[in-house]
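The lines below spell out each chain.
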Amino acid sequence: MKETVADNRVAIPERRPIAGGSTAEGREAARQDFPARGKSSGDGSMHLMDEVVCRENLMAAHRRVVRNGGAAGIDGMTVDELMTYCREHWPHIREALLRGSYKPQAVRRVMIPKPGGGERQLGIPTVLDRLLQQALLQVLQPIFDPTFSAASFGFRPGRSAHQAVLAARAHLRAGHRWVVDLDLEKFFDRVNHDVLMARVARRVKDPRVLRLIRRYLQAGVLAGGVVSPRTEGTPQGGPLSPLLSNILLDELDKELERRGHRFVRYADDCNVYVRSQAAGERVMASLVRFLKKRLRLEINRNKSAVARPWQRKFLGYSFTTHKEARLTVAPESIKRLKAKLRPIFRWGRGRSLGRVIAVLTPIIRGWTAYFRLSEVKGLFAVLDGWLRRRLRCLVWRQWKRPRVRVSKLRRLGLSVDRARMAAYNCRGPWWNAGASHLHYALRTRMFHRLGLVSFIDEHRRLARSL
């Protein structure tokens with residue numbers, strides 16, 4: 001593995017143990033680490049790399065990389081060690097970048113589960129490469145972003161998933177009540193490098209920047225101690241990947257605009273809204289041909305469809321069938337939330353109720369904040385009931401033996417006869433969690449005193465601020 005990593009470090013000196021930068025040489029390097037920003041070279045200039053390596057740009061990139069944190073790459077360097085490493089080695093790195101000889105290291109492959117099943121492959125670059133990718137992004141974003149479609153919302157400054165969902169609702173309310181739901185099959189793994197680089201080169205003329213971007217695309221993947229070369233795809237996990245995906249898919253946006261379609265795209269999720277099923281079928285067939293011929297991308301036939309919007313989900317949301325369509329939480333999103341919370345309930349069987357609630361609170365707040373646009377409030381009340389029942393089930397399991405349950409129930413206000421009937425009813429924990437004796441013993445206000453956040457109350461609070 002060490003030999004494989006060394007092969008990928010052509011233009012950068014080997015990483016040495018960090019001494020802390022306390023020597024005179026280290027302090028001098030710290031003062032001269034990144035040169036000051038020169039005159040802006042502008043869009044399409046032959047000197048974009050000079051903007052990439054200027055001090056202000058790199059310091060801003062460093063702050064962002066440190067703030068984002070993240071795991072180490074194949075060299076084991078953490079974000080906390082990055083600045084000291086750059087102070088020691090920056091002259092060599094800068095020279096390689098300006099000469100066009102810098103070669104990125106391989107990315108570390110990590111597999112994470114997808115919400116709908118299966119696994120997604122991530123490529124974790126080293127923190128040094130993350131710094132350089134972020135610096136590239138900060139220079140390239142102002143060049144490309146103004147040219148992107150107004151219907152593109154993913155990974156763009158000042159745009160969000162909430163704006164995309166509201167735009168989709170506006171199309172439904174305008175009478176476009178059929179959706180062409182496009183799912184690109186393994187998009188990030190199938191991006192053709194030549195097609196992507198041709199579109200980058202339309203606005204970037206500096207050959208050093210183009211060469212560096214292509215090398216990031218072709219950087220190998222380290223798995224099982226072996227680096228595998230990459231001939232297609234752009235690895236998810238680096239700062240540059242979202243911009244590159246938008247550059248490629250901008251051609252799809254422009255084609256949809258040319259045809260006069262109403263659509264919303266967020267990264268590789270694209271919905272086109274039409275007035276009839278027949279129109280949707282025609283649009284689907286033509287877009288399949290366009291994507292294959294122009295961008296060399298394939299549609300996932302199993303996940304793409306022409307359907308009613310309330311039969312599909314978009315960014316976790318769905319819609320009601322009302323003439324004035326309303327936003328609601330997609331059933332799949334509720335299932336994923338419950339699946340995420342169940343391990344916490346299993347973990348909490350040997351812990352206090354207050355400690356379990358403290359772990360649940362940030363998840364509840366974050367989930368409700370994302371779905372605060374939902375106009376169907378009953379779902380949040382149902383989730384509150386489910387959550388309290390799960391907590392009552394947890395408490396019932398903790399009490400374990402019937403005589404302990406009798407004692408606990410009597411202490412919580414039940415009569416002797418009712419406590420004995422409840423403790424010896426031979427029913428399971430879930431049934432008892434929904435029965436009247438536990439509802440009486442473990443009341444809603446008790447959970448609130450322990451700090452449990454209510455889905456419906458949190459949703460109402462956030463809705464007032466919209």
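Residues numbered from 1 in each chain as written. Predicted model: local features only at pLDDT ≥ 70, side-chain atom pairs only at ≥ 80, totals over all residues. Heavy atoms only, no water.

Asks: Explain the packing of aromatic side chains to me, please; I cannot follow it from the model alone.
Replies: For any pair of aromatic rings, the description consists of the separation of the ring centres together with the inter-plane angle of the planes. Taken as a whole, this structure holds 9 aromatic pairs when the rule is applied. Pairing Trp-367 with Phe-371 gives two aromatic rings, centres 4.7 Å apart and planes at 45 degrees, and the pair type is tilted. With a relative accessible area of 12%, Trp-367 lands in the buried category. Using a relative accessible area of 5% as the deciding quantity, one classes Phe-371 as buried. When the ring of Trp-367 is compared with that of Phe-380, the centres are 6.1 Å apart and the planes differ by 65 degrees; the resulting orientation is edge-to-face. (Phe/Tyr/Trp six-rings, centres within 6.5 Å; stacked < 30°, edge-to-face > 60°. Buried < 20%, exposed > 50% of the residue type's maximum accessible area, 1.4 Å probe, protein only.)

Asks: How should the pairing of strand β7 (residues 269-274) be read in this particular structure?
Replies: On a regular strand, each side chain points to the face opposite its neighbour's, so the side chains alternate between the two faces of the sheet. Within β7, 5 of the 6 residues are buried, which leaves it mostly tucked inside the rest of the structure. Relative to β7, strand β3 (residues 178-183) runs antiparallel, the two being bridged by 6 bridges. Following the sheet pairing, Val-179 is matched in β7 by Tyr-273. In this structure, strand β6 (residues 262-266) lies alongside β7, joined through 5 bridges in antiparallel fashion. Bridging from a neighbouring strand, Tyr-266 pairs with Asp-269 of β7. Following β6, the chain reverses through 2 residues before pairing antiparallel with β7; Ala-267 in that reversal takes a positive phi of roughly 55 degrees. (Helix = DSSP H or I, 4+ residues; strand = E, 2+ residues; numbered from the N terminus. Pairing = 2+ DSSP bridges.)

Asks: I tried to follow the layout of surface pockets on my own but got confused; where do I start?
Replies: Unoccupied space between atoms shows up once a probe the size of one water molecule is rolled over them. What the second largest pocket holds in volume is close to 500 Å³. As for the second largest pocket, its lining consists of 21 residues, and the residues nearest its centre are Arg-64, Asn-68, Gln-134, Leu-137 and Pro-239. Listing elements by their share of the lining of the second largest pocket, those giving two or more residues are α4 (55-68), α6 (127-144) and α11 (241-259). For the lining of the second largest pocket, the leading source of residues is α6, giving 5 residues. Along the lines of polarity and charge, the residues of the lining of the second largest pocket split into 10 nonpolar, 8 polar and 3 charged. (1 Å grid on protein atoms, 1.4 Å probe; cavity = no way out; pocket = protein on both sides within 12 Å on 5 of 7 lines; lining within 4 Å. Points joined across faces, edges and corners; volume = space filled by probe spheres on them. Nonpolar A, V, L, I, M, F, W, Y, C, P; charged D, E, K, R; others polar.)

Asks: When you look at the confidence of the model for the protein chain in this model, what are you seeing that I'm missing?
Replies: Segments scoring low in pLDDT should not have their predicted coordinates read at a detailed level. When pLDDT is averaged along the protein chain, the result is 86, and 87% of the positions lie at 70 or above. In the model, residues 1-44 has pLDDT below 50 throughout and makes 84 contacts with residues more than four positions away in sequence or in other chains. (pLDDT = per-residue confidence, 0-100. Contact = heavy atoms within 4.5 Å.)

Asks: Is there a simple way to explain the packing of α4 against α6 in this structure?
Replies: Each pair of packed helices gets described by two things: the angle between the helix axes and the distance between those axes. One can describe the packing of α4 onto α6 by two numbers: an axis separation of 8 Å at closest approach and a directional angle of 120 degrees. Classified by the interaxial angle, the pair formed by α4 and α6 is oblique. Once α4 is placed against α6, the crossing between them reads as right-handed. Contact with α4, carried on its side by Asn-57, Leu-58, Ala-60, Ala-61, His-62, Arg-64 and Val-65, involves Arg-130, Leu-131, Leu-132, Gln-134, Ala-135, Gln-138 and Val-139 of α6 and no other residues of that element. Residue classes in the contact of α4 with α6 are distributed as 8 nonpolar, 4 polar and 2 charged. (Axes fitted to C-alpha atoms, helices over the stretch in contact; angles between N-to-C directions. Parallel < 35°, antiparallel > 145°, perpendicular 65-115°, else oblique. Left-handed = near helix turned anticlockwise from the far one by under 90°.)

Asks: What is the right way to look at the packing of α6 against helix α10 (residues 207-218) in this model?
Replies: Put simply, α6 and α10 touch, their axes get as near as 12 Å, and they point 130 degrees apart. As summarised for this structure, α6 and α10 are arranged oblique, according to the angle between their axes. Taken as a pair, α6 and α10 cross one another with a handedness that is left-handed. For the pair α6 and α10, contact is made by Asp-129, Leu-132, Gln-133, Leu-136 and Leu-140 and by Val-209, Leu-212, Ile-213 and Tyr-216, respectively. Residue classes in the contact of α6 with α10 are distributed as 7 nonpolar, 1 polar and 1 charged.

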